[in-house]
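An overview of the molecular structure
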Amino acid sequence: GDLLMHLLLPVLFSIAACYTDLKTRKIKNYITYPLIFLGVFINTFLNGLKGFAMSITGILSIVILISIISITKLGGGDLKLAMGYGTFLTSKNHIMFIFFFLLFVLIGNIFLLIREKGFKNFISELKLEIKTLGFYKTSFNKVPGAPFLLGAYILTILFS
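Here the structure is a predicted model, which means the values were calculated and not measured.

Per the secondary structure count, the protein includes five helices and zero strands. Taking the intrachain contacts of the protein between residues at least 6 apart in sequence as the baseline, contacts between residues at least 24 apart amount to 73%. Total accessible area on the protein is roughly 8,900 Å²; 74% of this is exposed by carbon and sulfur atoms.

Structure follows, in structure tokens:
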């Protein structure tokens, strides 16, 4: 039952999020907010006050971790989707989730950039990105986050 709750519900929302993210480069609020509220509700329903606290901790730790690591240049929809996943995860899994997500985004960005602009341009963009600590608008923020968030979430569930 636990695996069903942790995988089935968020993944249903994720499919919709991936679709809109790939099609329009946006993840709609009508996908992210219900996921966040559902996670909080289910966790509270199953674990009482402890579950509620776990979900809120999930939201906050995702926001804090991602804010610190602004290198991902997440859009608002990505952040809200990550927060939704955070409500379903235990606090010890949040760092693993963020780690997998950042890894996927990094790898995805590298592949996309090389494919679009060639290796030499990729290297110059990378240098610029590092020199400006990610504050310069490079091509490193073109990757849709939803598929990577989904992959990171599934891996986190499987490894926990």
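The discussion continues.
Turning next to the packing of aromatic side chains. Enumeration according to the criterion identifies six aromatic pairs in this entry. When the ring of F99 is compared with that of F100, the centres are 5.8 Å apart and the planes differ by 55 degrees; the resulting orientation is tilted. Judged by relative accessible area, F100 falls into the buried class, the value being 11%. Through a chain of ring-to-ring contacts, the aromatic side chains of Y85, F97 and Y153 assemble into a single cluster.

As a further point, take the packing of helix α4 (residues 91–131) against helix α5 (residues 145–159). α5 packs onto α4 with a crossing angle of 140 degrees between their chain directions and a minimal axis gap of 8 Å. The pairing of α4 with α5 is recorded here as oblique in orientation. Crossing angle aside, the handedness with which α4 passes α5 is right-handed. Residues N93, M96, F97, F100, F101, F104, V105 and G108 of α4 lie in contact with α5, whose contacting residues are G145, F148, L149, G151, A152, Y153, L155, T156 and F159.

One finds I62, L81, Y85, F97, L149 and Y153 to be the most contacted residues of the largest nonpolar core, which totals 30 residues. Here the element with the most residues in this core is helix α2 (residues 29–68); it accounts for eight residues. When sequence neighbours within four positions are dropped, the list of residues in contact with F97 reads I62, A82, Y85, L89, L149, A152, Y153 and T156.

Calculation notes
- Residues numbered from 1 in each chain as written.
- Predicted model: local features only at pLDDT ≥ 70, side-chain atom pairs only at ≥ 80, totals over all residues.
- Heavy atoms only, no water.
- Helix = DSSP H or I, 4+ residues; strand = E, 2+ residues; numbered from the N terminus.
- Contact = heavy atoms within 4.5 Å.
- Areas by Shrake-Rupley, 256 points an atom, 1.4 Å probe, with all protein chains shown as cover.
- Phe/Tyr/Trp six-rings, centres within 6.5 Å; stacked < 30°, edge-to-face > 60°.
- Buried < 20%, exposed > 50% of the residue type's maximum accessible area, 1.4 Å probe, protein only.
- Axes fitted to C-alpha atoms, helices over the stretch in contact; angles between N-to-C directions.
- Parallel < 35°, antiparallel > 145°, perpendicular 65-115°, else oblique.
- Left-handed = near helix turned anticlockwise from the far one by under 90°.
- Core = buried A, V, L, I, M, F, W, Y, C linked by side-chain atoms within 4.5 Å.

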